[in-house]
Amino acid sequence: QAQRVLVEKLLRDFPDARRSFEYEDYARRPTVRNASEFITRTLEEHLELFDARSNYVSYIAQRPRVQRSGAHGLFTQEEDAPDLNAAARAVSEHDGNIWTCILSLRREDAARLSYDKADAWRALLRANAAEIAARFNVPVGSFHWCGAFHNEAHHPHVHLVCYADSVQKPALTKEGVVQLRSLLARQIFRDELDAIYIRQSQSRDELRDLFSARLKEAVAGMRDAPAEMPVLESLLERLSEEVRDRKGRLQYGYLPWPVKSIVDSIISELEKQPQVKAAYSAWWELRKTVLSTYRDSLPEQA
């Protein structure tokens, strides 16, 4: 009962906690263990709940199940293990904003992709430091971070603490968060996503060929009577009239809005064709698979 009360309070105070794997587990099976993991994860994610910033750094570097390299588990951009006291002091004395986040995977994904050890996460973060700094809108030379890997049973994860030199004004927007998650997910799931990208390209090519074939059929049908696709043929006639005397590049991006509207209507008509509709749905399913690696919600199918 005490856990239930605390879970409800954490959800009120930190509604974003509903997006975590730990909350998914708890919502599906509200056991003592799942409640404990959700509570721990949520408390650990918020620096402001600790008495001092230095306590937070020391905690993530020394807590149970941290994967240590010597006396503690903290690592940074530098090759050698950092001095824990110095790292904690640097964070504590920083007079600007501090960002904390947790990068978490499901156990089966972490094991399959070899991200169930600190070395893999350390290499990932070091290799992408410049890109991560760019999401904070600061040069990589002014960007500082430290992390620690916790080999939890259900969701192995890394705690990340980020800040920039005081002369900089870092800014992490909501879109920057999505871009950051996309960046890391594309690296972690690279092999699997590469296979999906190949299938996406094949699906896109099939869709393009179907569009082309249907357009040719419609143009050929315009010479016959009665029209086999009257709405599509009428739109093609209108488009032909609009662009007949137009100079310059006949590309969608360069067309005025009324002409774009006709093109959009032609596409909508083509999408009603059963084969085209099926090909687009196949492409969209692959697209959703990619997006789901780093987004909590997916856009509606256009």
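Caption draft 1: Region of interest: the overall build of the protein chain. When helices and strands are tallied, the protein chain shows 13 helices and four strands. A globule of 302 residues ought to have a C-alpha radius of gyration of about 19 Å, yet the protein chain, at 26 Å, is considerably larger. Oriented by its inertia axes, the alpha-carbon framework of the protein chain measures out at about 85 × 45 × 35 Å. Within the protein chain, the fraction of its 302 residues that count as buried is 40%. For the protein chain, contacts bridging at least 24 residues in sequence account for 64% of all contacts bridging at least 6. On the protein chain, roughly 17400 Å² of surface is accessible, and the fraction owed to carbon and sulfur atoms is 50%.

Caption draft 2: Focus on the sheet that holds strand 2 (residues 99-104). Strand order in the open sheet made by the four strands is 1-3-4-2, with antiparallel pairing throughout. The open sheet has two free edges, formed respectively by strand 1 (74-76) and strand 2, since each of these has just one partner strand. Here the average twist between neighbouring strands, direction ignored, is 25 degrees. Bridge analysis of strand 3 (residues 143-150) against strand 4 (residues 157-164) gives eight bridges, and the strand direction is antiparallel. By the bridge assignment for strand 4, H150 is matched with H157.

Caption draft 3: Seen up close, the side chain of N34. Mapped onto the fold, N34 is located in helix 3 (residues 32-44). Note on N34: relative accessible area 5%, which makes it buried. Here the side chain of N34 touches R29 through a polar contact of 2.9 Å, landing on its backbone oxygen. Those residues in contact with N34 that sit more than four places away from it in its chain are E22, D25, Y26, R29 and H154.

Caption draft 4: Examining the nonpolar core more closely. By size, the foremost hydrophobic cluster in this structure holds 35 residues, and its most contacted members are Y115, W121, L125, I132, F143, W145 and I188. Leaving out residues up to four positions away in the same chain, L125 has contacts with F75, Q77, L103, I132, W145, V158 and L160. L207, L210, L235 and L255 belong to the second-largest nonpolar core, a separate cluster that totals 20 residues.

Caption draft 5: Region of interest: the environment of C101. For C101, the position within the fold is in strand 2. The class for C101 is partly exposed, based on a relative accessible area of 21%. Measuring from C-alpha to C-alpha, the distance between C101 and V259 comes to 47 Å, with 158 residues separating the pair along the chain. Residues contacting C101, with those up to four places away along its chain left out, are V158, H159 and L160.

Caption draft 6: Up close: the pairing of strand 3. Of all eight residues in strand 3, seven are buried; the element is thus mostly enclosed. Summarising the sheet, strand 1 and strand 3 pair through three bridges and their orientation is antiparallel. From the neighbouring strand, F75 faces strand 3, where its bridge partner is G147. Taken together, strand 3 and the strand that follows it, strand 4, pair antiparallel across an intervening segment of six residues.

Caption draft 7: Highlighting the state of the cysteines. Evaluation of the coordinates by the stated rule reveals zero disulfides. Left without a disulfide partner, C101 is nearest to the cysteine sulfur of C162, which lies 5.5 Å away. Residue C146 stays outside any disulfide, its sulfur separated by 8.1 Å from that of C162, the closest cysteine. Judged by its relative accessible area of 4%, C146 falls in the buried class.

Caption draft 8: Highlighting the packing of aromatic side chains. Taken as a whole and judged by the stated rule, the model has nine aromatic pairs. For the pair Y23 and Y26, a centre-to-centre distance of 6.4 Å together with 40 degrees between the ring planes defines the contact as tilted. Separated by three residues within a single helix, Y23 and Y26 lie in helix 2 (residues 21-28), roughly one turn from each other. Classification of Y23 by relative accessible area gives buried; the value is 15%. Each ring, one from Y280 and one from W283, has its centre 5.9 Å from the other, and the planes form 25 degrees; the classification is stacked. On the criterion of helical spacing, the pair formed by Y280 and W283 is a turn pair, its members being three residues apart in helix 13 (residues 274-291). These aromatic residues form a ring-pair network of at least three members: Y23, Y26 and F38. Sitting over the face of the ring of F75, R122 holds its NZ or CZ atom 5.4 Å from the ring centroid.

Cut-off values and rules
- Residues numbered from 1 in each chain as written.
- Predicted model: local features only at pLDDT ≥ 70, side-chain atom pairs only at ≥ 80, totals over all residues.
- Heavy atoms only, no water.
- Helix = DSSP H or I, 4+ residues; strand = E, 2+ residues; numbered from the N terminus.
- Rg over C-alpha atoms; globule rule 2.2 N^0.38 Å.
- Buried < 20%, exposed > 50% of the residue type's maximum accessible area, 1.4 Å probe, protein only.
- Contact = heavy atoms within 4.5 Å.
- Areas by Shrake-Rupley, 256 points an atom, 1.4 Å probe, with all protein chains shown as cover.
- Pairing = 2+ DSSP bridges.
- Axes fitted to C-alpha atoms, helices over the stretch in contact; angles between N-to-C directions.
- Polar contact = N/O pair within 3.5 Å; in protein donor to acceptor, adjacent residues only side chain to side chain.
- Core = buried A, V, L, I, M, F, W, Y, C linked by side-chain atoms within 4.5 Å.
- Disulfide = S-S within 2.5 Å.
- Phe/Tyr/Trp six-rings, centres within 6.5 Å; stacked < 30°, edge-to-face > 60°.
- Lys NZ or Arg CZ within 6 Å of the ring centre and 35° of its normal.

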